[in-house]
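# Commentary on secondary and tertiary structure
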Amino acid sequence: MSQSHHIPMASNLVARVLIALVLLIGIYFFHQFLVPVLGALIIVFASWRLYEKLLIRCRGKTWLAATLSTLLVVLVIILPLIALISSALQELREGLNWLYASNQVGVPAPLWVERLPLVGSELAPLWNEYLNHPQAISELSQLVGLGQLANISRVILSFGRQIFAAALGVVFMVITLFFLYKDGFSLVQQIDKVGERVMPERWYRFSRVAPTMVSATITGMTSIAIGEGIVLGCAYAIAGAPSPVTLGVITGFMALIPGGAPLSMSIVSLYLVGSGHSTAGLLLFLWGCLELFVVDKTIRPRLVGGPAKLPFLPTLFGLVGGVETMGLVGLFIGPVIMAFLVTLWREWVSYSEETTLSTP
């Protein structure tokens, strides 16, 4: 009698160990495709409602709706981002050429530094002391821990040699995106079956709250960051700021961080004022304040608000941790992972409170 009980328990334990081993082996062999898969999942989360409407128009033909949705993502998101990054890299190479030329002879303090309000008279002598002699930029880069200027340029220029790997990742992400659209409903049913075994009492609510949290995080952070980068980048170009595409891309990435977009816009405005374009700098600052005020007071609360809002500290941890582990793609994946963790935490807290209240 006892032996009949021990045998199933032992066989179940062996089966679980084998399943865990197979999963670990699969993660080891396919971990290089983790970032494209996560990118595809994020896009699917953000666009699933639009896909459902498109599926109705396609009369339930999943392959047609998935094909059209994937093509829309390629045309609206991927191709514009490729063009934007290509233009920004071109401007970055021009900036590196200027750094090389300036490093050979030194860089005297420009007029815009001397004209900066309040700090210009003190900053200009310091500039001339540390930067106005040959090899000054290399010395400064070593001082702040960036290494030799040549090493920095090799790292930046090596991005061009990684185009094939990046293109392969994009292709794999698009393929994954198509199948996630096409088989999304059946995949959700399978995940629900597994989730009910893991969290039998809380899975249904968690599985419905988590996508809302993730979608709000993606929409509220990514969409607004891209919009602010484009709008302020155009404003930089109109105001006459140098390298407006690169500055717009930087502003877009900074907009992912709370307070990052106002800081970027203020620095560019100060540069224009210091370089003798006071009217352009002042108008850019006023326009930026108006645009950011409208976004923060009208658009952002509609996209992200209430319980779906991700707090500041998890947002910061998600951004920094994402960049450290996954590079630039981690700027988008990190906050999404933190959104899952925050949702899980809130569900456990609410479950503990309900259990405490129900206990006599």
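These numbers come from a predicted model, not from an experiment. (Residues numbered from 1 in each chain as written. Predicted model: local features only at pLDDT ≥ 70, side-chain atom pairs only at ≥ 80, totals over all residues. Heavy atoms only, no water.)

### Describing the overall build of the chain
Inclusion rule: Numbering goes from the N terminus for both helices and strands, where a helix is a DSSP run of H or I of at least four residues and a strand is a run of E of at least two. When accessible area is computed with a 1.4 Å probe and restricted to protein chains, residues below 20% of their type maximum are described as buried, those above 50% as exposed, and intermediate ones as partly exposed. To measure how exposed things are, a 1.4 Å probe is used in the Shrake-Rupley method; for residues, cover is taken only from the protein chains shown.
Regarding its fold elements, the chain presents 15 helices and zero strands. Classification of the 360 residues of the chain by burial places 31% in the buried group. Just so you have it, the chain exposes about 23000 Å², and 72% of that area is on carbon and sulfur atoms.

### Notes on the side chain of Thr251
Under the convention used in this document: When checking whether two residues touch, look at their non-hydrogen atoms; a contact exists if any pair is within 4.5 Å.
Summarising the element assignment, Thr251 is placed in helix 11 (residues 244–255). Excluding residues within four positions of it along the chain, Thr251 makes contact with Leu232, Tyr236, Ala261 and Ser264.

### Here's the deal with unusual backbone geometry
Phi is positive for Arg59, close to 60 degrees, though the residue is something other than glycine. Mapping Arg59 onto the fold places it in the loop between helix 2 (34–57) and helix 3 (62–105). A relative accessible area of 77% places Arg59 in the exposed class.

### Digging into the packing of helix 11 against helix 12 (residues 260–274)
Condition: Only the contacting stretch of a helix is used when fitting its axis, a line to C-alpha atoms as for every element, and angles between N-to-C directions run 0 to 180 degrees. Under this scheme an angle from 65 to 115 degrees is roughly perpendicular, one under 35 degrees roughly parallel, and one over 145 degrees roughly antiparallel; angles in between are oblique. For this scheme, ten residues count as nonpolar: Ala, Val, Leu, Ile, Met, Phe, Trp, Tyr, Cys and Pro. Four count as charged, namely Asp, Glu, Lys and Arg, and the remainder, Gly too, count as polar.
For the pair helix 11 and helix 12, interaxial distance at closest approach is 7 Å and the crossing angle is 150 degrees. Compared by their axis directions, helix 11 and helix 12 come out roughly antiparallel. Seen from helix 11, the contacting residues are Leu247, Thr251, Met254 and Ala255; seen from helix 12, they are Gly260, Ala261, Leu263, Ser264 and Val268. Here the contact of helix 11 with helix 12 is composed, by residue class, of six nonpolar, three polar and no charged.

### Quick word on the environment of Val336
Along the chain, Val336 turns up in helix 15 (residues 330–358). When the C-alpha positions of Val336 and Thr315 are compared, they lie 9.0 Å apart, and in sequence the two are 21 residues distant.

### Observations regarding the environment of Ala237
Secondary-structure assignment places Ala237 in helix 10 (residues 203–239). Taking C-alpha positions, Ala237 is 9.5 Å from Leu247, a pair spaced ten residues apart along the chain.

### Observations concerning the packing of aromatic side chains
Each aromatic ring pair is characterised by the separation of its centres together with the angle its planes make. Put simply, the rule is: Ring geometry is summarised as follows: Phe, Tyr and Trp rings, the Trp one being its six-membered ring, pair when their centres sit within 6.5 Å, and such pairs are stacked at plane angles under 30 degrees, edge-to-face over 60 and tilted between the two.
Under the criterion given, the structure shown has four aromatic pairs. Their ring planes at 40 degrees and their centres at 4.9 Å tell us that Trp48 and Tyr51 sit as a pair that is tilted. Taken together, the residues span about one helical turn, with Trp48 and Tyr51 both in helix 2 at a distance of three residues. Assigned by exposure class, Trp48 and Tyr51 land together as buried.

### Some details on a nonpolar patch on the surface
Put simply, the test is: Only residues whose relative accessible area exceeds 30% and that form no salt bridge enter a patch; like-charged residues are grouped when within 9 Å of one another, and nonpolar side chains (Val, Leu, Ile, Met, Phe, Trp, Tyr) when within 5 Å. The salt bridge definition used is simple: a Lys or Arg side-chain nitrogen within 4 Å of an Asp or Glu carboxyl oxygen.
On the surface, Leu72, Leu75, Val76, Ile77, Leu79, Leu81, Ile82, Leu84, Ile85 and Leu89 cluster together into a nonpolar patch covering about 870 Å² of accessible area. Summarising the element assignment, Leu84 is placed in helix 3. Residue Leu84 is classed as partly exposed on the basis of its relative accessible area, which comes to 37%.

### Concerning the confidence of the model for the chain
Inclusion rule: Known as pLDDT, the predictor's confidence for each residue is given on a scale from 0 to 100.
Residues of the chain with pLDDT of at least 70 account for 74%, and the chain-wide mean is 75. Here helix 7 (residues 149–161) is the element of the chain with the lowest mean pLDDT, 55, and helix 12 is the one with the highest, 85.

### Here's the deal with helix 12
Put simply, the rule reads: To estimate the expected span of a helix, subtract one from its residue number and multiply by 1.5 Å.
Helix length check: helix 12, at 15 residues, gives a terminal C-alpha distance of 21 Å against a target of 21 Å (1.5 Å per residue), a fit within 8%. Gly260, Ala261, Ser264, Met265, Val268, Ser269, Leu272 and Gly274 are the residues of helix 12 that are buried.

### Here's the deal with the pattern of salt bridges
For the structure on display, the rule yields one salt bridge. A salt bridge links Lys182 to Asp183; its shortest N-O distance comes to 3.4 Å. Lys182 sits in the partly exposed class, given a relative accessible area of 30%.

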